[in-house]
Amino acid sequence: MPKVVPYTKGSVIFFAGDKDERIFILQTGKVILKSADLVTGEILSETLTAGEFFGIKSALARRPRIETASASTDIQLVMLSTQEFERIFSANKAVISKMLTVFTKTLGELYAKTESMLHLTRASMQPEEGMIALAKVFFDSFQYRSCVSECELILRTFPQTEHKAELEKLRDEAENLSAGQAAGQDLGLGDSSQNESEKSALSQFSLPVFSRFRKEYSDGSVIISEFMEPNHFYFIQSGKVQVKRCVNGTLKNLELLEAGNLFGVRAIISGGKLRDVCCIAKGTVQCLEFAKENFNAIVTGNPHMSALMLKLVCKRIYDQRRQLTVLGIPDLSVRIADVFLMYNELYYVPPKLEPGTEESLCRKFFITVDDVACWAALSPDAARDELNKYVSRKKLDIYDSYMIIGNIMDMKRTVDSWYQNKETAAQPQKN
């Protein structure tokens, strides 16, 4: 049962970094949430008043707290477990809709910080003009399957386009050239590497009622294109989806999404007019495609689905925050090390050991050079150059479909040392 708990002025309810799955509703008084900006390090402060929820994102995502919460006056809180929250509020459409809107706004702000950090600005274009430019970028960067897919998408979206002959010629040429390219490998994580939210999502979305929404995309297919209207959102059942953005004629890696994740939902909830990223199948991808018009019926019309949607959006927030910390490291070798740490934190599941047995520090990750390039926002060539430095020092072995890290603590020491040096350099020098 939910409990009413009093706190006196100045009391700390939880600290940033705590692993705590309680959810709170402020009944009386005021609470201050303080957190550090991921980019600037500036301490951000937010004051909550009676009736507001807090602690939800970390509880539903099952991740450490982002903020420190303290009482700025004497307060009373209603304290709930995640199960109690789901049971009481999942059927409340107003509460769920408001939270989805707020959380999606938070996700959008994180994407904006990522774009700013990577200098991802682009010229304003009309949808058809922008998609044609993107098709040419795919061709020029030898991504012929994506070029074919983009051309076909343009022809379907703009059937009366005056560029029909040009697009058909580009598509046919790309199709001929793609015949000589090897298809991407299907490197799903597998059940053993999925967290509980992903397993729950895959289980829920595998029900027969969702079979009519199922779509399959071949390697290189453009599932979502920049400049498209946001008419659908997707749930990945198997495979990987690369998130990219075209900037000044160059494709920039932004993110790599695994099975159990949503994509395309941010523009649906926020009401965006045009897509600002591309989502491309890496290997064969099976996903569920939901129409924008069905969003409320699918998500808020079913209590179990609404709770699941909240969990998935919260998880995306934490994943995006973690990737933003990776991208904040300008030293590319250290950034690569932090990619391995991120993967270890988000996806690695320790094996079950006999009592008294110590876990090995060796890691076998089923990721490729292209995967690392995506998470590090580098070109594949740049990523390979940095990875080869670790290979030459015998810290890493690279195979076609996986990598072996001899000691994950080597990567942690590399990252920790960089942060310590950064902190030392920021301290005022004594005369």
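The rules behind the values
Residues numbered from 1 in each chain as written. Predicted model: local features only at pLDDT ≥ 70, side-chain atom pairs only at ≥ 80, totals over all residues. Heavy atoms only, no water. Helix = DSSP H or I, 4+ residues; strand = E, 2+ residues; numbered from the N terminus. Buried < 20%, exposed > 50% of the residue type's maximum accessible area, 1.4 Å probe, protein only. Contact = heavy atoms within 4.5 Å. Areas by Shrake-Rupley, 256 points an atom, 1.4 Å probe, with all protein chains shown as cover. Lys, Arg positive; Asp, Glu negative; His and termini not counted. Charge placed at Lys NZ, Arg CZ, Asp CG, Glu CD. Pairing = 2+ DSSP bridges. Core = buried A, V, L, I, M, F, W, Y, C linked by side-chain atoms within 4.5 Å. Axes fitted to C-alpha atoms, helices over the stretch in contact; angles between N-to-C directions. Parallel < 35°, antiparallel > 145°, perpendicular 65-115°, else oblique. Left-handed = near helix turned anticlockwise from the far one by under 90°. Nonpolar A, V, L, I, M, F, W, Y, C, P; charged D, E, K, R; others polar. pLDDT = per-residue confidence, 0-100. Polar contact = N/O pair within 3.5 Å; in protein donor to acceptor, adjacent residues only side chain to side chain. Phe/Tyr/Trp six-rings, centres within 6.5 Å; stacked < 30°, edge-to-face > 60°. Lys NZ or Arg CZ within 6 Å of the ring centre and 35° of its normal.

Peer 1: Looking at this model, I keep getting lost on the overall build of the chain. Mind explaining?
Peer 2: A tally of helices and strands in the chain yields 14 helices and 17 strands. The dimensions of the chain, computed from C-alpha atoms along their principal axes, are 70 × 55 × 55 Å. The buried share of the chain, reckoned over its 431 residues, is 49%. Counting contacts in the chain only where the partners sit at least 6 residues apart, residues at least 24 apart contribute 76% of the total. As displayed, the chain offers around 21100 Å² of accessible surface, 50% of which is attributable to carbon and sulfur atoms. Across the chain, 53 positive and 54 negative side-chain charges occur, with their mean positions spaced 5 Å apart.

Peer 1: Any chance you could explain the pairing of strand S11 (residues 232–247) here in plain terms?
Peer 2: Two faces make up the sheet, and in a regular strand the side chains alternate between them. Counting buried positions along S11 yields 14 of 16 residues, so the element is predominantly enclosed. Looking at chain direction, S11 and strand S14 (residues 278–291) are connected through eleven bridges and run antiparallel. The residue bridging Val243 from the neighbouring strand is Cys279, located in S14. Where S11 and strand S13 (residues 262–263) come together, two bridges link them in antiparallel fashion. Each bridged residue has a counterpart across the sheet, and for Tyr234 the counterpart in S13 is Phe263. Note: S11 against strand S12 (residues 250–257), seven bridges, orientation antiparallel. In the sheet register, Lys244 faces S12, and the bridge partner there is Asn253.

Peer 1: Whenever I open this one, the nonpolar core confuses me. Can you help?
Peer 2: Burial of nonpolar side chains together is a common tendency in soluble globular proteins. Phe205, Phe235 and Phe290 are the most contacted members of the largest nonpolar core, which has 44 residues in total. The element best represented in this core is helix H10 (residues 303–327), accounting for ten residues. Beyond its immediate stretch of four places on either side in the chain, Phe235 contacts Ala201, Leu202, Phe205, Gly260, Asn261, Leu262, Gln286, Cys287, Leu288, Phe290 and Leu312. Grouped together as the second largest cluster of nonpolar side chains are 32 residues, Tyr343, Tyr347, Ala383 and Ile408 included.

Peer 1: When you look at the packing of helix H4 (residues 127–140) against helix H5 (residues 144–157) in this model, what are you seeing that I'm missing?
Peer 2: Helix packing for two helices is described by the angle between their axes and how far apart those axes are. Two elements in contact, H4 and H5, have axes whose closest approach is 7 Å; the angle formed by their N-to-C orientations is 160 degrees. When the axes of H4 and H5 are compared, the pair comes out roughly antiparallel. H5 is crossed by H4, and the crossing has left-handed handedness. Counting all contacts with H4, which are made through Met131, Ile132, Leu134, Ala135, Phe138 and Phe139, the residues of H5 involved are Tyr144, Ser146, Cys147, Glu150, Cys151, Leu153 and Ile154. Class assignment for the residues of the contact of H4 with H5 results in eleven nonpolar, one polar and one charged.

Peer 1: How should I be thinking about the sheet that holds strand S17 (residues 403–405) in this particular structure?
Peer 2: Within a sheet, neighbouring strands are paired by backbone hydrogen bonds and run either parallel or antiparallel to one another. If you trace the three strands from one edge of the open sheet to the other, you get S15-S17-S16, paired in antiparallel fashion. With partners counted over all chains shown, the strands left at the sheet margins are strand S15 (363–365) and strand S16 (396–398), one partner each. On average, each strand axis in the sheet is inclined to that of its neighbour by 15 degrees, with strand direction left out of account. In this sheet, S17 lies alongside S15 in antiparallel orientation, the contact comprising three bridges. By the bridge assignment, Arg363 is partnered in S17 with Ile405.

Peer 1: What should I look at first to understand the environment of Asp140 in this one?
Peer 2: Mapped onto the fold, Asp140 is located in helix H4. On the basis of relative accessible area, Asp140 is assigned to the exposed category, the value being 58%.

Peer 1: Just checking my understanding: could you explain the confidence of the model for the chain for this structure?
Peer 2: Where the model shows low pLDDT, its predicted coordinates should not be examined in detail. In the predicted model, the chain carries a mean pLDDT of 88, and the fraction of residues at 70 or more is 94%. Contacts for the low-pLDDT stretch residues 185–192, under 50 throughout, to residues beyond four places or in other chains number 14 contacts.

Peer 1: Got a minute to help me understand unusual backbone geometry in this structure?
Peer 2: Phi is mostly negative for residues that are not glycine, and the peptide bonds are mostly trans. Even without being a glycine, Phe142 presents a positive backbone phi close to 65 degrees. Turning to its location among the elements, Phe142 is positioned in the loop between H4 and H5.

Peer 1: Just checking my understanding: could you explain the side chain of Ser58 for this structure?
Peer 2: By the element assignment, Ser58 lies in helix H1 (residues 56–61). At 2.7 Å, the side chain of Ser58 forms a polar contact with the side chain of Arg65. Those residues in contact with Ser58 that sit more than four places away from it in its chain are Asp20, Arg63, Pro64, Arg65 and Tyr318.

Peer 1: Help me out: how do you make sense of the packing of aromatic side chains in this one?
Peer 2: For any pair of aromatic rings, geometry is given as the distance between the ring centres together with the angle between the planes. One pass over the structure, following the stated rule, counts 21 aromatic pairs. Arranged with centres 6.2 Å apart and planes meeting at 80 degrees, the rings of Phe53 and Phe85 form a pair that is edge-to-face. Taken together, the positions of Phe53 in strand S6 (residues 53–54) and Phe85 in helix H2 (residues 82–89) put the pair 32 residues apart, joining distant regions of the chain. Between Tyr343 and Tyr347, the aromatic rings sit 5.0 Å apart at their centres with planes inclined by 45 degrees, giving tilted as the arrangement. One aromatic cluster is present, built from ring pairs that chain together Tyr343, Tyr347, Tyr348, Phe365 and Trp375. When the ring centre of Phe14 is taken as reference, the NZ or CZ atom of Arg65 above it lies at 4.1 Å. One cation-aromatic arrangement involves Arg266 over Tyr111; the distance from NZ or CZ to the ring centre is 4.3 Å.

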